[in-house]
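Per-entry structural report
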Amino acid sequence: GHGNAPDYLKGLNPEQRLAVETTEGPVLVLAGAGTGKTRVLTTRIAHILATGRAWPSQILAVTFTNKAAREMKNRIGLLVGEAIEGMPWLGTFHSIGVKLLRRHAELVGLRSDFTILDTDDVTRLIKQLIQAEGLDDKRWAPRTFAQMIDGWKNKGLGPDEIAEGDARAFANGKGRELYRSYQARLTTLNACDFGDLLLHPIRIFRKHHDVLAEYHRKFKYILVDEYQDTNTAQYMWLRLLAQRPSFEAPLRSTPQDERSDPTNSPARDRAPPDFSGATAQGQPPKAATRPVSENKVNICCVGDDDQSIYGWRGAEVDNILRFEKDFPGATVVRLERNYRSTAHILGAAAHLIAHNEGRLGKTLFTDRPDPEDPKVNVHAAWDSDEEARAVGETVEVYQRQKHNLNDMAILVRASFQMRSFEDRFIEIGLNYRVIGGPRFYERQEIRDALAYLRVVANPGDDLAFERIVNVPKRGLGEAAVRQVHDTARALRIPMLEAAGNLAESDELKPKPRAALREVAANFARWQSALETTPHTELAETILEESGYTAMWKNDRSAEAPGRLENLKELIRSMEEYESLRSFLEHVALVMDAEQNEEQDAISIMTLHSAKGLEFETVFLPGWEEGLFPHQRALDEGGRSALEEERRLAYVGLTRAKKNLHLWFVSNRRIHGLWQSTIPSRFLDELPEAHVEVAEGGNSYGGYGNSYGGGFSAGRQNPYGASRFDSVGSASGGSFSNTYATPGWARAKANRTEATDRNWGSRSGHQVER
Ligand code: ATP
Ligand code: MG
């Protein structure tokens, strides 16, 4: 009975308990954010271990990030006691894939010490292949083909399996041939790309039934978190491991078998665990007495279709729908009670996501609505720097109320948004950490751009010069660069000067010589413009004339548009400084600020990397049309891209436990021009009852009623009048004077008002540019 249940089960609700205790057979947990899906997975693993159903090494558990894997290991440890020393097969699809492939590399023609190529390596390799075919690599861009291959691999397709039309689409019908020679080349190099980490194991499992059978014996339980974001290849991989076809002999499975299992890793995994947690509760390990049903597929996947946010990377939310078909007799568990967020946050999130069509549909409730709970706050700011300043002030208010920075997070739609927060927090001495990526000024494209600027500001900066002398590629090989280096050393002159000298000598071949001549001439011209041209303008010129911007514009990888946005943000951030020199000094100081993992710090990350996490207080800046929903989704048109943006908004809202602050700004600089922005349609999709429009108030610079009524002002609102019209007029009359005006007029009126009354002295001048 309940009374005897081990502690780890006691806190669960009946549905969660069902999902944990239905250890045999397929289980699908389909439930909204914060309902305890991840907790169910963790407890399920603890339960399997504590009841002796399997050893740690017999459990395959897939998480979406390595961080999530680490957290899950810790929590399992806490639930079952110290005796469980690690879970060797708990990790991401990729990390588990590497492990499998290292064991069986020879079956796909690799050695176990194969290397994993990154995107740059892959692109370079493809370029060689394209050239070897006698094709024009300008017309048939290597990066485009790298993307195509990646897409095929996400779908689980090798060279022989891709559709005829797809194969013909590239290089005059040579697509399939190129893909084939790419794979052959990888084998020669004893290398693989990221997609192969899944595809090779799939191939091995399909071809070598004995190997697959070995893993069928080995993995008694398979668990998958964030199931809605698996792609087709990952799904195939899971199905191969989870489904036991009839050609296999019936499986015997007790933990004892594991002792002789040659595939079993470290000896410590095989030591009998000490189930003190369970036995103390009067529950002896069951394995010895209880037969585990054979040939059953003990797979448990948990997910939320509303949180599917990786469609752009090939994730197939349909995998959820297929589950019951592929695993007949699956127990489907729905969890509806949310343990994470207040009723206001849940109400806002549920209302927003209801605007998507084609959902599986779920209810969410919390049974602790508290009249004290704050509503979801919506704030306006003039521009992103003002937004960062205001968020910083709000954070400080929470700090004074004894909130930890560790319990707060800023979740952005695009990484360029991080810049203003990082700058501001360094200025006011607020600890922060950037999760899931480098800090703004440490990003590759920012470091490259800064290197150009540093050489212009200081021609003797050889480190910076070396970084960009051949970025973008100018046909300067290693030998040429070394010669520049050696000349500079020998003559004790800067490398830039040495480059100029070499360009005039005949020590180099014509091509590198021409390249160096151009580099030297460019820098000479930029340096002479330094005194006469505004530094932001000069920086833009440099990035254009050097071909650096073009390099990313021609890049077809998924990150390229984000890099271009970051470059624009870099230029924008320079405006606050008087000169290039003072800007570079500022950057040096920012880069010097240490990120200390131990310290109490607010987290900054993208919405995509916030999946699965939770924080007491969450800030969501930049809710404007064109940023969120992102312009790329709007340009694409159609419902699906916009719906993915909305799911991302849903993920953002549901990260908050108690305090949730949304921001929009009225001005952003786009292509060097200040443009008025329109509040995100997602703000209009929030329910009035759960939202409060912050009055602005004096603490945030006194813009009071400057942002006008109705977030949808100036935009065709498909849902009729903005819901915020009434919120606006209700909140102390600050919007009342504009309430009756049509949206577009209202927006205009308020913008002028804002500029004249509140901002003229501070940043209003920027509008005129
Ligand atoms: P997401 O969809 O965002 O990944 P989730 O469904 O995985 O959310 P969890 O992160 O597992 O949800 O749980 C959300 C919060 O609720 C956690 O803090 C968790 O500890 C807590 N929680 C879950 N179940 C219970 C419960 N039965 N009793 C108390 N707290 C619970
Ligand atoms: Mg989760």
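Source: prediction; values computed, not measured.

Quick notes on the overall build of the protein
Of the regular secondary structure elements, the protein holds 34 helices and 17 strands. Across the 769 residues in the protein, those meeting the buried criterion constitute 44%. Sequence-distant contacts in the protein: of pairs separated by 6 or more residues, those separated by 24 or more amount to 78%.

Here's the deal with the sheet that holds strand S17 (residues 691–693)
Judged by pairing direction, the sheet is parallel, and its 7 strands sit side by side in the order S11-S12-S10-S13-S14-S9-S17 without closing on themselves. Looking at which strands have only one partner, the edges of the open sheet turn out to be strand S11 (432–434) and S17. Geometrically, the sheet is characterised by an average inter-axis angle of 25° between neighbouring strands, direction not taken into account. Where strand S13 (residues 615–620) and strand S14 (residues 656–665) come together, 5 bridges link them in parallel fashion. By the bridge assignment for S14, Val618 is matched with Leu660. Helix-sheet contacts for helix H17 (residues 343–353) involve strand S9 (376–381), S14 and S17, and the interaxial angle to S9 is about 70°. Along the sheet, helix H19 (residues 418–428) makes contact with strand S10 (408–412), S11 and strand S12 (602–606), crossing S11 at roughly 150°.

Remarks on the pairing of strand S2 (residues 59–62)
A two-sided burial pattern is seen for S2, the buried positions comprising Ile59 and Ala61 on one face and Leu60 and Val62 on the other. Bridge count between S2 and strand S6 (residues 221–224): 4 bridges; the pairing is parallel. Each residue of the ladder has a partner; that of Ile59, found in S6, is Tyr221. As defined by bridge partners, S2 adjoins strand S3 (residues 90–91) across 2 bridges and the pair is classed as parallel. Looking at the pairing, Val62 lines up with Gly91 of S3.

So, the UniProt feature "binding site: ATP" (unreviewed entry) in the protein
In the UniProt entry, the feature "binding site: ATP" (unreviewed entry) is given for Ala31, Gly32, Ala33, Gly34, Thr35, Gly36, Lys37 and Thr38. Turning to its location among the elements, Ala31 is positioned in strand S1 (residues 27–31). Those residues in contact with Ala31 that lie beyond four places of it in its chain are Lys37, Asp304, Arg334, Leu335 and Lys362. Tracing the chain through its elements places Gly36 in the loop between S1 and helix H3 (37–50).

Side note on the sheet that holds S3
Pairing is parallel in the open sheet, where 6 strands are placed in the order S3-S2-S6-S7-S1-S8. Two strands close off the open sheet at either side, each with one partner strand: S3 and strand S8 (331–335). The strands touched by helix H2 (residues 14–21) are S1 and S8; relative to S8, the strand with the most contacts, the crossing angle is about 150°. Helix H16 (residues 318–326) rests against S1, strand S7 (299–303) and S8 of the sheet, and its axis sits at about 145° to S1.

Digging into the site of ligand 1
The immediate surroundings of ligand 1 are formed by 19 residues, with Gly36, Lys37, Thr38, Arg39 and Tyr339 found nearest. Counting residues per element, the shell around ligand 1 draws most heavily on H3, which supplies 3 residues.

What about the environment of Ala354?
Note that Ala354 resides in the loop between H17 and S9. Residues Ala354 and Asp318, spaced 36 residues apart in sequence, show a C-alpha to C-alpha distance of 19 Å.

Topic: helix H4 (residues 66–80)
Taking 1.5 Å of rise per residue, the 15 residues of H4 would be expected to cover 21 Å, and the 21 Å separating its terminal C-alpha atoms lies within 8% of that figure. What H4 keeps buried is the set Ala68, Ala69, Met72, Lys73, Ile76, Leu79 and Val80. Buried residues of H4 fall within an arc of 140° about the axis and therefore sit on the same side. Looking one or two residues beyond H4, the residue adopting positive phi is Gly81, at roughly 95°.

Quick look at the packing of H3 against H4
Put simply, H3 and H4 touch, their axes get as near as 9 Å, and they point 45° apart. The orientation of H3 with respect to H4, classified from their angle, is oblique. For the crossing formed where H3 meets H4, the hand is right-handed. Mapping the contact onto sequence places Thr42, Thr43, Ile45, Ala46, Leu49 and Ala50 in H3 and Met72, Arg75, Ile76, Leu79 and Val80 in H4. Tallied by class, the residues present in the contact of H3 with H4 amount to 8 nonpolar, 2 polar and 1 charged.

What to know about helix H5 (residues 93–104)
End to end, H5 covers 16 Å across 12 residues, agreeing with the expected 16 Å (1.5 Å per residue, within 8%). Residues of H5 that are buried include every one of Phe93, Ile96, Gly97, Leu100 and Leu101, and no others. Angularly, the buried residues of H5 cover 130° about the axis, an arc narrow enough to put them on a single face. For H5, the elements touching its buried residues are S2, S3, helix H10 (196–207) and helix H12 (232–242).

Comments concerning unusual backbone geometry
In terms of backbone geometry, most residues other than glycine have negative phi values and most peptide bonds are trans. A cis geometry characterises the amide bond from Val471 onward to Pro472, with omega recorded as 0°. Checked against the element boundaries, Pro472 lands in the loop between helix H21 (462–468) and helix H22 (478–491). Although it is not a glycine, Asn172 adopts a positive phi angle of roughly 50°. Tracing the sequence through the fold places Asn172 in the loop between helix H8 (164–168) and helix H9 (175–188). If you check the backbone angles, Asn190 has positive phi at about 55° while not being a glycine. Summarising the element assignment, Asn190 is placed in the loop between H9 and strand S5 (191–192).

Points about the confidence of the model for the protein
Atomic detail in the predicted coordinates should be set aside for any region of low pLDDT. Averaged over all residues, the pLDDT of the protein is 81; the fraction at 70 or higher stands at 81%. Here residues 246–294 is modelled with pLDDT under 50, and outside its nearest four sequence neighbours on either side it reaches 74 contacts, counting other chains as well. For the stretch residues 712–769, pLDDT sits under 50, and the model shows 93 contacts to residues farther than four places along the chain or on other chains. Prediction confidence for the complex, expressed as pTM and ipTM, is 0.77 and 0.99 respectively.

Here's the deal with the packing of helix H20 (residues 444–457) against helix H27 (residues 560–574)
At a minimum axis distance of 9 Å, the contact between H20 and H27 shows a crossing angle of 45°. Here H20 lies oblique to H27, going by the angle between them. Both H20 and H27 take part in a crossing whose hand is right-handed. Here H20 contributes Glu445, Ile446 and Ala449 to the contact with H27, which in turn contributes Arg563, Asn566, Leu567 and Leu570.

Remarks on the pairing of S1
Counting buried positions along S1 yields 5 of 5 residues, so the element is predominantly enclosed. The two faces of S1 match: Val27, Val29 and Ala31 on one face and Leu28 and Leu30 on the other face are all buried. Pairing geometry for S1 and S8, over 5 bridges, is parallel. In the sheet register, Leu30 faces S8, and the bridge partner there is Arg334.

Remarks on the environment of Asn13
If you trace the backbone, Asn13 turns up in the loop between helix H1 (7–10) and H2. For Asn13, a count of 13 C-beta atoms within 10 Å translates into the label partly exposed. In the structure, Asn13 is positioned 565 residues away from Glu578 in sequence and 60 Å away in space, judged by C-alpha atoms.

The rules behind each value
- Residues numbered from 1 in each chain as written.
- Chains lettered and ligands numbered in written order.
- Predicted model: local features only at pLDDT ≥ 70, side-chain atom pairs only at ≥ 80, totals over all residues.
- Helix = DSSP H or I, 4+ residues; strand = E, 2+ residues; numbered from the N terminus.
- Buried ≥ 20, exposed ≤ 12 C-beta atoms within 10 Å, placed from the backbone.
- Contact = placed C-beta atoms within 7 Å.
- Pairing = 2+ DSSP bridges.
- Axes fitted to C-alpha atoms, helices over the stretch in contact; angles between N-to-C directions.
- UniProt positions renumbered as here; feature names shortened; annotations may be inferred.
- Near = placed C-beta within 6 Å.
- Expected span 1.5 Å × (residues − 1).
- Arc of directions from axis to C-beta.
- Parallel < 35°, antiparallel > 145°, perpendicular 65-115°, else oblique.
- Left-handed = near helix turned anticlockwise from the far one by under 90°.
- Nonpolar A, V, L, I, M, F, W, Y, C, P; charged D, E, K, R; others polar.
- pLDDT = per-residue confidence, 0-100.

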